[in-house]
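The residues making up each chain are set out below.
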Amino acid sequence: HEEARIYLAYVFGREGHTLRAANLFREVFDTAISEVSRGHAAIQLGRLYYGEEDYRTASIFFRWLSISGLTRSDSRFALAHFNLGCAEVARGRDDAALAAFRRLLDDHLASGGQAADIASLFLENDDFRTLLESRAGLTRRLMESLPELFEPQVGTGDAEGSSPSY
C-alpha cells in the first residue's frame with residue numbers, strides 16, 4: 001500500500017495541502033520497504049521543498065536518489081540530477097550544480113542516450129533559464145563543463161556540412 005500512500009500524498013500536494021503531502025511523503029520515505037517507493041517519495045519531497053525555496057533540503061532528497069543508485073538503475077529517477085543541479089544553482093553552489101549536470105549527461109550517454117535529449121531538457125525548462133540568467137558567468141561555465149550540449153550532433157541534421165534528406 002506504499003503506492004497508494006504516494007498517490008494520496010501527490011493528490012494532497014496538487015490540492016494545495018503541501019504540509020499534508022510532505023508529511024505523507026516523508027512517512028513513505030522513512031518506512032517504505034521498496035527502494036522505488038522511497039525514490040518516488042524522495043523526488044516529490046525534493047520538489048515540494050524546492051517549491052518552498054528550501055533548496056538545501058531539496059538538494060538532500062535529490063542527492064539521496066543518486067546515492068541510493070536509483071538514478072542509474074531506474075530511468076524514471078535520472079532527472080534527479082537535473083533537479084539537484086537547479087537546487088544547487090539556487091543555493092549559489094555553481095560547482096556542485098555543474099557536477100550534478102555533468103553526472104546527468106554522463107549517465108544518459110552511458111545508457112545510450114543522445115546529448116541532444118539533455119540539451120532540450122535545459123532549453124525547454126523556463127525555470128532553469130531564469131536561474132541561469134540570475135548567475136553571472138554560469139552560462140559560460142556550463143558551456144565549458146558540458147560542451148557536448150552545445151556542439152552540433154552527428155546524425156541529427158545539425159552537423160556541419162550535413163544536407164537535408166529528401
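Here is what the cut-offs are and how they apply
- Residues numbered from 1 in each chain as written.
- Predicted model: local features only at pLDDT ≥ 70, side-chain atom pairs only at ≥ 80, totals over all residues.
- Heavy atoms only, no water.
- Salt bridge = Lys/Arg side-chain N within 4 Å of Asp/Glu carboxyl O.
- Buried < 20%, exposed > 50% of the residue type's maximum accessible area, 1.4 Å probe, protein only.
- Helix = DSSP H or I, 4+ residues; strand = E, 2+ residues; numbered from the N terminus.
- Contact = heavy atoms within 4.5 Å.
- Phe/Tyr/Trp six-rings, centres within 6.5 Å; stacked < 30°, edge-to-face > 60°.

**A short note on the pattern of salt bridges**
Inference 1: By the definition in use, this model includes 15 salt bridges.
Inference 2: Here Arg91 ties to Glu88 by a salt bridge, and the two come within 3.3 Å at their closest N and O atoms.
Inference 3: Classification of Arg91 as partly exposed rests on a relative accessible area of 32%.
Inference 4: A relative accessible area of 0% places Glu88 in the buried class.
Inference 5: Across the pair Arg140 and Glu144 runs a salt bridge whose closest N-O atoms are separated by 3.2 Å. Taken together, the residues Arg140 and Glu144, both in helix H10 (residues 138-145) and 4 residues apart, mark about one turn of the helix.
Inference 6: The class for Glu144 is exposed, based on a relative accessible area of 54%.
Inference 7: One network of salt bridges, in which partners are shared, links Arg63, Glu88, Arg91 and Arg93.

**Concerning the side chain of Ser37**
Inference 1: When you line up the elements, Ser37 lands in helix H3 (residues 35-51).
Inference 2: Residue class for Ser37 comes out buried when judged on its relative accessible area of 3%.
Inference 3: Discounting residues that sit within four places of it in the chain, Ser37 has contacts with Glu2, Glu3, Ile6, Val28 and Ala32.

**So, the packing of aromatic side chains**
Inference 1: Inspection of the entire model under this criterion finds 10 aromatic pairs.
Inference 2: A centroid spacing of 5.0 Å and a plane angle of 65° characterise the contact between Tyr50 and Tyr55, whose relative ring orientation is edge-to-face.
Inference 3: For Tyr50, a relative accessible area of 22% gives the class partly exposed.
Inference 4: Residues Phe101 and Phe122 carry aromatic rings whose centres are separated by 5.0 Å and whose planes lie at 75° to one another, so their mutual orientation is edge-to-face.

**Structural notes on the environment of Phe62**
Inference 1: Tracing the chain through its elements places Phe62 in helix H4 (residues 55-67).
Inference 2: Looking at Phe62, the relative accessible area reads 2%, which means it is buried.
Inference 3: A sequence separation of 47 residues divides Phe62 from Glu15, and the C-alpha atoms of the two residues are 23 Å apart.
Inference 4: Those residues within four positions of Phe62 in sequence are excluded, and the remaining contacts are Ile43, Gly46, Arg47, Ala80, Asn83, Leu84 and Ala87.

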